Amino acid sequence: MSIEQKIEQMYKALEEMKITDRPSVTPEIKRTAGSFSVSFDFNKGADSSTAANRVSQLVANIACLKDHLKVWCKNNGKPFEGEALIDSNREVAIVHDLWNLDKHAELNRPSRSGLSPRFSNPRCTMELRAEAGKPRPTVFTPVGGGMIMSRGASLRIFADVVDKDGHALGSLEAICEKARAAWESEFKKVGLTF
């Protein structure tokens, strides 16, 4: 597989953290004598194993860029500084640690970030978006016993990353975006352009 294909997979994995632009959610209706309540479970967009798999794929696609870049550098006579990037960039190191944890079920070597990161439970959440400076209400439209949200809302997979003591390190998506940017900067240094 070429490094270009691996990078395309990484972008696809980032994209798949968003489940859908127009989520359809079925309300749960509870009736009691003389009243009723309606609730929505936004976790039904994807089950926990789907969320965990997408999180795992995202981490793997970013972390393995190191190995693909190493081969590319060797084949093109360029210096490889991927190990130094992992050791010097917090987010890149966290992603690498999470990948090793996913592969080996425990960190089988010292944590590259020094944080021994792990996930808190990956889950689906509803995200409401608005254009800058323009309030944009989300509209829930009844359709065939369910509800469809208007543009401006989506279901996303969300995972918190915590250290060995349970202290928050940030959201996985934000950490991965920073790690992606760091790897892209490394690609540019060696003359790899797309």
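No experiment lies behind these values; they were computed from the predicted model shown.

S.K.: Can you help me understand the overall build of the protein chain in this one?
M.R.: Summing up its helical and strand segments, the protein chain has 6 helices and 11 strands in all. Burial statistics for the protein chain: of 194 residues in total, 38% are counted as buried. By sequence separation, contacts in the protein chain at least 24 residues apart represent 69% of the contacts at least 6 residues apart. Counting every atom, the protein chain has about 10,900 Å² of accessible surface; 50% of that belongs to carbon and sulfur.

S.K.: Looking at this structure, I do not really get the nonpolar core. What am I missing?
M.R.: Nonpolar side chains tend to gather and get buried jointly when the protein is soluble and globular. If you look at the biggest cluster of nonpolar residues, it comprises 38 residues, and the most contacted ones within it are Leu-58, Ile-62, Leu-69, Val-95, Leu-172, Trp-183 and Phe-187. Among the secondary structure elements, those contributing two or more residues to this core are α1 (3-15), α2 (48-63), α3 (65-75), α4 (82-88), α5 (90-104) and α6 (172-189). The biggest single contributor to this core is α6, with 7 residues. If sequence neighbours within four positions are ignored, Leu-58 has contacts with Met-10, Ala-13, Leu-14, Met-17, Leu-172 and Cys-176.

S.K.: So what exactly am I meant to see when it comes to α3 here?
M.R.: Residues separated by three or four positions in an α-helix point in the same direction, a consequence of the helix having 3.6 residues per turn. All buried positions along α3 are accounted for by Leu-65, Lys-66, Leu-69, Trp-72 and Cys-73. Seen end-on, α3 carries its buried residues on one side only, within an arc spanning 130 degrees. Exposed residues lying more than 90 degrees from the buried face of α3 are Lys-74 and Asn-75. At its buried positions, α3 is contacted by α1, α2, α4, α5 and α6. Trailing α3 by a residue or two, Gly-77 shows a phi angle of about 65 degrees, which is positive.

S.K.: What's the story with the confidence of the model for the protein chain in this structure? I'm lost.
M.R.: In regions of low pLDDT, the predicted coordinates are not meant to be interpreted in detail. Taken as a whole, the protein chain shows an average pLDDT of 79; of its residues, 70% reach a score of 70 or greater. Counted against residues more than four places away or in other chains, residues 134-140, with its pLDDT under 50, gives 18 contacts.

S.K.: Just checking my understanding: could you explain α2 for this structure?
M.R.: Relative to the 22 Å expected for 16 residues at 1.5 Å per residue, α2 spans 22 Å between its end C-alpha atoms, a close match to the ideal helical length. Taken together, the buried positions of α2 are occupied by Ala-51, Val-55, Ser-56, Leu-58, Val-59, Asn-61, Ile-62 and Ala-63.

S.K.: Can you walk me through the packing of α1 against α2 in this structure?
M.R.: When two helices pack together, their arrangement is given by the angle between the helix axes and the distance between those axes. At a minimum axis separation of 9 Å, α1 and α2 run at an interaxial angle of 150 degrees. Regarding the angle of α1 to α2, the classification is roughly antiparallel. Seen from above, α1 lies across α2 with left-handed handedness. Where α1 approaches α2, its residues Lys-6, Gln-9, Met-10, Ala-13 and Leu-14 are matched on the opposing element by Gln-57, Leu-58, Asn-61 and Ile-62.

S.K.: Is there a simple way to explain the pattern of salt bridges in this structure?
M.R.: Pairs can form between side chains of opposite charge whenever their charged atoms are close. With the rule as written, the count across this model stands at 9 salt bridges. Between Lys-66 and Asp-67 there is a salt bridge, with its nearest N and O atoms 3.8 Å apart. With a relative accessible area of 11%, Lys-66 lands in the buried category. Judged by its relative accessible area of 34%, Asp-67 is partly exposed. Among the ionic pairs, Arg-112 bridges to Glu-83, the shortest N-O distance being 2.8 Å. With Arg-112 in the loop between α5 and β5 (118-119) and Glu-83 in helix α4, the pair connects residues that are 29 residues apart, well separated along the chain. One network of salt bridges, in which partners are shared, links Lys-66, Asp-67, Glu-83, Asp-87 and Arg-112.

S.K.: Before we go on, may I ask you to explain the packing of α3 against α6 in this structure?
M.R.: Contact geometry of α3 with α6 gives a least axis separation of 12 Å together with a crossing angle of 0 degrees. Between α3 and α6, the crossing angle belongs to the class labelled roughly parallel. Contacts between α3 and α6 involve Leu-65, Lys-66 and Leu-69 from the former and Trp-183, Glu-186 and Phe-187 from the latter. Its residues placed into classes, the contact of α3 with α6 shows 4 nonpolar, no polar and 2 charged.

Here is what the cut-offs are and how they apply
Once a new chain begins, its residue numbering starts again from 1 and follows that chain's sequence as written. The predicted origin of the model limits local features to residues at a pLDDT of at least 70 and limits the giving and counting of side-chain atom pairs to 80 or more, whereas totals for whole chains, interfaces and linings rest on all residues. Hydrogens and water molecules were not included; the side-chain quantities draw on all heavy atoms of the structure. By definition, any uninterrupted DSSP run of H or I lasting at least four residues is a helix, any uninterrupted run of E lasting at least two residues is a strand, and each is numbered from the N terminus. Accessibility here uses a 1.4 Å probe with only protein chains present; expressed as a share of the type maximum, an area under 20% marks a residue as buried, one over 50% as exposed, and anything in between as partly exposed. In this analysis, two residues are considered to be in contact whenever any of their non-hydrogen atoms come within 4.5 Å of each other. All accessible-area figures derive from a Shrake-Rupley calculation using a 1.4 Å probe, and residue coverage is judged against the displayed protein chains alone. Nonpolar core, defined: a set of buried Ala, Val, Leu, Ile, Met, Phe, Trp, Tyr and Cys residues in which side-chain atoms within 4.5 Å join the residues together. Picture the helix axis, draw a direction to every C-beta atom, and the arc is the one those directions span. pLDDT is a residue-level measure of predictor confidence that goes from 0 to 100. A helix is expected to reach a length of 1.5 Å times the quantity of its residues less one. Orientation is described by axes fitted as lines to C-alpha atoms, over the contacting stretch for helices, and by angles from 0 to 180 degrees between their N-to-C directions. Under this scheme an angle from 65 to 115 degrees is roughly perpendicular, one under 35 degrees roughly parallel, and one over 145 degrees roughly antiparallel; angles in between are oblique. Note on convention: the crossing is left-handed when the near helix lies turned anticlockwise from the far helix by less than a right angle, right-handed when the turn is clockwise. We define a salt bridge as a side-chain nitrogen of Lys or Arg found within 4 Å of a carboxyl oxygen belonging to Asp or Glu. Three residue categories are used. Nonpolar comprises Ala, Val, Leu, Ile, Met, Phe, Trp, Tyr, Cys and Pro, charged comprises Asp, Glu, Lys and Arg, and polar comprises the others, including Gly.

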